[in-house]
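Descriptive structure summary
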Amino acid sequence: MSSHTTATDRFLEMHRAGAPLLIPNPWDVGSAKVLAQIGFSALATTSSGFAATLGRPDGSVTRDEALDHATAITAATGLPVSADLENGFADDPAQVAETVRRAAALGLAGCSIEDFTGEDDNPIYDPALAAERIRAAAETGRGHLRIVLTARAENYLHGRPDLADTITRLQSYQEAGADVLYAPGLRDLGDIRSVVTSVDLPVNVLLLPGGPTVTELAESGVRRISVGGTFFYAALGALADAGRELLHYGTSEFFGAAATGRAAAAAAFRG
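Summarised in this report is the structure supplied together with it. Since the model is a prediction, treat every value here as computed from it, not as a measurement.

Looking now at the packing of helix α4 (residues 63–77) against helix α5 (residues 93–105). Here α4 crosses α5 at 25 degrees, and the two axes come no closer than 10 Å. Put simply, α4 runs roughly parallel to α5. Crossing angle aside, the handedness with which α4 passes α5 is right-handed. Every residue of α5 that contacts α4 at R63, D64 and L67 is listed here: Q95, E98, T99, R102 and A103.

Here it is, written out as structure tokens:
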């Protein structure tokens, strides 16, 4: 068994019932190092956060850029990293499989593939094609270069709050060979419990304002919790607030938050 396969197995073992893996989403090497120094045991990239660092909207990053970004975060921290690979940067199952193959070859512990087409008028792939795409990705991810595959059902992020369809899709992705299942946008604890009890694989939930707490999600059987681009936008919000304070009021209350950030950087960037 290769060291990479062992590492991906360890990553999958972190998805424990009753003690979900809290996996934050850094947007660059610096934020990844800070989160690693704080004590997180694994990281996941965020397509929206990374794109925003380039001054672009979500969905505008290329496959090469996403893979290079995730590889840099892995190299900077040594932690297991799951790459947000959007829809695999392709419609065709074979090309989705190629994206996953490249991710595994680069040493990433995991990756996610979503069923969002990228189109406004037809945002979600047909169920059969969606499952075929996950099957192709899973066959690649269970090959010589193992990678933990998270299959995402995107209904709730794209105006289709259909729990029954979401569960059916996640069940089909389980059957297709996914390792982890994820339906971002679920907020009702009852709906989340329904998802957890309808599948046999670890379920990831996106933490949302006004939604269930980490404790409630753990009690419901959720085994991984992520934050998406929220940490990036929290940092960007602090920047905007500091800029407005200086520009409009000429005061410097932002130095308090800056001191906290400076101390975090000093602790994380040693050597």
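This part covers the sheet that holds strand β3 (residues 81–84). Taken together, the eight strands give an open sheet; going across it, the order is β1-β8-β7-β6-β5-β4-β3-β2, and neighbouring strands pair in parallel fashion. Two strands in the sheet have a free side with no partner beyond their single neighbour: β1 (21–23) and β2 (43–44). Of the strand pairs in this sheet, β2 and β3 are connected by two bridges, and their pairing is parallel. The residue bridging A44 from the neighbouring strand is S82, located in β3. Together, β2 and β3 form the strand contacts of α4, whose direction differs from that of β3 by roughly 165 degrees.

So, about the pattern of salt bridges. A full pass over the atoms with the stated rule returns 10 salt bridges. For the salt bridge of E98 with R101, the shortest nitrogen-to-oxygen distance reads 2.9 Å. In this pair, E98 and R101 are both assigned in helix α5, three residues apart and thus about one turn of the helix distant. Taking the shortest distance from any N to any O, the salt bridge between R244 and D241 comes out at 3.8 Å. With a gap of three residues between them, R244 and D241 both fall in helix α10 (residues 230–249), about one helical turn apart. Salt bridges sharing common partners tie together E114, R152 and E154.

Calculation notes
- Residues numbered from 1 in each chain as written.
- Predicted model: local features only at pLDDT ≥ 70, side-chain atom pairs only at ≥ 80, totals over all residues.
- Heavy atoms only, no water.
- Axes fitted to C-alpha atoms, helices over the stretch in contact; angles between N-to-C directions.
- Helix = DSSP H or I, 4+ residues; strand = E, 2+ residues; numbered from the N terminus.
- Parallel < 35°, antiparallel > 145°, perpendicular 65-115°, else oblique.
- Left-handed = near helix turned anticlockwise from the far one by under 90°.
- Contact = heavy atoms within 4.5 Å.
- Pairing = 2+ DSSP bridges.
- Salt bridge = Lys/Arg side-chain N within 4 Å of Asp/Glu carboxyl O.

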